[in-house]
Amino acid sequence: MAQHQLEPSRATLHGHFSRDLPPALTVDSGDTVVVRTLDAGWNLERHSAPGVRARQFEPRDPRLDDGHALCGPIAVRGARPGDTLEVEIREVRPTDWGWNAAGGVRSELNVRLGVDGEPRIHMLWSIAGDRKTATNQYGHTVRLRPFLGVMGMPPREHGVHSTTPPRRTGGNMDCKELVAGSRLFLPIEVPDALFSLGDGHAAQGDGEASTIAIETPMERVELVLRVHGDMPIRMPRAETPAGWLTLGFHHDLDEATHIALAGMLDLLGERFDVGRKEALALASVAVDLRVSQIVNEVRGAHALLAPDAIS
């Protein structure tokens, strides 16, 4: 199988999803793609000081590039609506800098937490890949757990679609379990799949509480893309080092949890050849329900089945 390289440039970057975007790269099922990404905010360099805007990628279209800086789309020959795209994540390597921020913006969550007033706090992080840690200007150190916040494809509907909310076809899922060693499965709704990626995170907690993880460019992302015509799924699922997980998205977090749990019942039925009631009974004693993120207009939840949870 072939290996392809994708670098950030005007021809490969976009800030929206659309089935009408021309592919930046076309591959065959089973090919490897190595990608270098910008951070979600289109920054080209580290911030010189907290709150000081860094040099950003230009030119940008204010309508088409107002979302996350995504690389792609990558067309997969022969992919058809109804197929499933497997994204094998082999490597996710961040650069040596990142940033995040909190408060200072009026939002429902910030108001409830009492942090909507100015000033906004900015944290600048130095990333030590060899030590697998990141340290901010205050001396706080966290463990690295790099992953991509956005991996997905456009929905079947024509038009320009925001990168902010996750969808059936993936996108801004912000699920911290999708690290290297994972296999992500996404339902395909458009011909040739048109897969895009970006929004590198060096570390994030479940929920992404301030709306911003440690945002960082990725020096190297290595993926293998495969198309499955015999694996119909309704929502994203993944096999990760932490176990199998199923994802749910909805404006209401309860409903997002129900969608994730329904997907897990499907998965349990397939893996253990059990009916839905038996799957629910097993889930009640062996499956963890977690909040992926609460900040992307559409809430995200995932159900997690650890590798040794059921034998």
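Residues numbered from 1 in each chain as written. Predicted model: local features only at pLDDT ≥ 70, side-chain atom pairs only at ≥ 80, totals over all residues. Heavy atoms only, no water.

J.: I'd like a rundown of the packing of aromatic side chains, residues and numbers included.
T.: Aromatic rings considered in pairs are described by the distance between their centres and by the relative angle of their planes. A complete count under the given rule lists two aromatic pairs for this structure. Summarising the aromatic geometry, the rings of Trp42 and Phe57 are spaced 6.0 Å apart at their centres and angled 40° between planes, so their arrangement reads as tilted. Placement of the pair is Trp42 in the loop between β4 (32-37) and β5 (70-76) and Phe57 in the loop between β4 and β5, with a sequence separation of 15 residues. On the basis of relative accessible area, Trp42 is assigned to the buried category, the value being 1%. With a centroid separation of 6.0 Å and 20° between ring planes, the pair formed by Phe185 and Trp244 is classed as stacked. Of this pair, Phe185 sits in strand β13 (residues 182-187) while Trp244 sits in strand β17 (residues 243-250), and the two are 59 residues apart along the sequence. In this structure, Phe185 and Trp244 share a single accessibility class: buried. (Phe/Tyr/Trp six-rings, centres within 6.5 Å; stacked < 30°, edge-to-face > 60°. Helix = DSSP H or I, 4+ residues; strand = E, 2+ residues; numbered from the N terminus. Buried < 20%, exposed > 50% of the residue type's maximum accessible area, 1.4 Å probe, protein only.)

J.: Tell me what's going on with the pattern of salt bridges, and back it up with residues and numbers.
T.: Within this structure, the stated rule accounts for 25 salt bridges. One salt bridge connects Arg90 with Glu88, and the closest N-O pair in it is separated by 3.2 Å. Residue Arg90 is classed as partly exposed on the basis of its relative accessible area of 42%. Close ionic contact of Glu222 with Arg90 constitutes a salt bridge, the shortest N to O distance being 3.7 Å. Here the residue Glu222 occupies a position in strand β15 (residues 218-228), and Arg90 occupies one in strand β6 (residues 84-94), the gap between them amounting to 132 residues. You can call Glu222 buried: its relative accessible area is 12%. Connected through shared salt-bridge partners, Glu86, Glu88, Arg90, Glu91, Arg93, Arg183, Arg220, Glu222, Arg226 and Glu239 make up one network. (Salt bridge = Lys/Arg side-chain N within 4 Å of Asp/Glu carboxyl O.)

J.: Can you break down the environment of Asn100 residue by residue, with the values?
T.: Relative to the elements of secondary structure, Asn100 occurs in strand β7 (residues 97-102). C-alpha of Asn100 to C-alpha of His122: the two residues are 22 residues apart in sequence and 5.9 Å apart in space. Within the structure, Asn100 has its side chain in polar contact with the side chain of Trp125 (distance 2.9 Å). (Polar contact = N/O pair within 3.5 Å; in protein donor to acceptor, adjacent residues only side chain to side chain.)

J.: Account for helix α2 (residues 253-272), with residues named and values stated.
T.: Taking 1.5 Å as the rise per residue, α2 with 20 residues should run 28 Å; its terminal C-alpha atoms sit 28 Å apart, in good agreement. Burial in α2 covers these residues: Ala256, Ala260, Gly263, Met264, Leu265, Leu267, Leu268 and Gly269. Its side-chain oxygen 3.0 Å from the backbone nitrogen of Asp254, Asp252 forms the N-cap of α2. Where α2 ends, the next residue or the one after it, Asp273, has phi of about 55°, a positive value. (Expected span 1.5 Å × (residues − 1).)

J.: Tell me what's going on with the sheet that holds strand β9 (residues 133-136), and back it up with residues and numbers.
T.: Picture the strands of a sheet paired through backbone hydrogen bonds; they go either parallel or antiparallel. Taken in spatial order, the four strands make up an open sheet running β7-β8-β9-β10, and their pairing is antiparallel. The strands lining the two open edges of the sheet, one partner per strand, are β7 and β10 (141-143). Strand-to-strand twist of the sheet, defined as the mean angle between neighbouring strand axes without regard to direction, takes the value 30°. The pairing of β9 with β10 spans three bridges and is antiparallel. Following the sheet pairing, Thr133 is matched in β10 by Arg143. (Pairing = 2+ DSSP bridges. Axes fitted to C-alpha atoms, helices over the stretch in contact; angles between N-to-C directions.)

J.: Got a sec to walk through the packing of α2 against helix α3 (residues 276-286)? Specific residues and values, please.
T.: Remark: α2 packs on α3, axes separated minimally by 9 Å, with the N-to-C direction vectors making an angle of 110°. Here α3 runs roughly perpendicular to α2, going by the angle between their axes. For α2 against α3, the interelement crossing comes out right-handed. Taken together, the residues of α3 that come into contact with α2 (itself represented by Leu261, Ala262, Leu265, Asp266 and Leu268) are Arg276, Ala279, Leu280 and Ala283. A per-class count over the contact of α2 with α3 returns seven nonpolar, no polar and two charged. (Parallel < 35°, antiparallel > 145°, perpendicular 65-115°, else oblique. Left-handed = near helix turned anticlockwise from the far one by under 90°. Contact = heavy atoms within 4.5 Å. Nonpolar A, V, L, I, M, F, W, Y, C, P; charged D, E, K, R; others polar.)

J.: Which residues make up the pairing of β9, and what values go with them?
T.: Where strand β8 (residues 121-128) lies against β9, four bridges are found, and the strand directions are antiparallel. Considered in β9, the bridge of Ser126 is made with Thr135. The hairpin formed by β8 and β9 contains four residues between the paired strands, and Lys132 there has a positive phi angle of roughly 60°. Hairpin remark: β9 followed by β10, antiparallel, with four residues in the connecting loop; positive phi at Gly139, about 95°.

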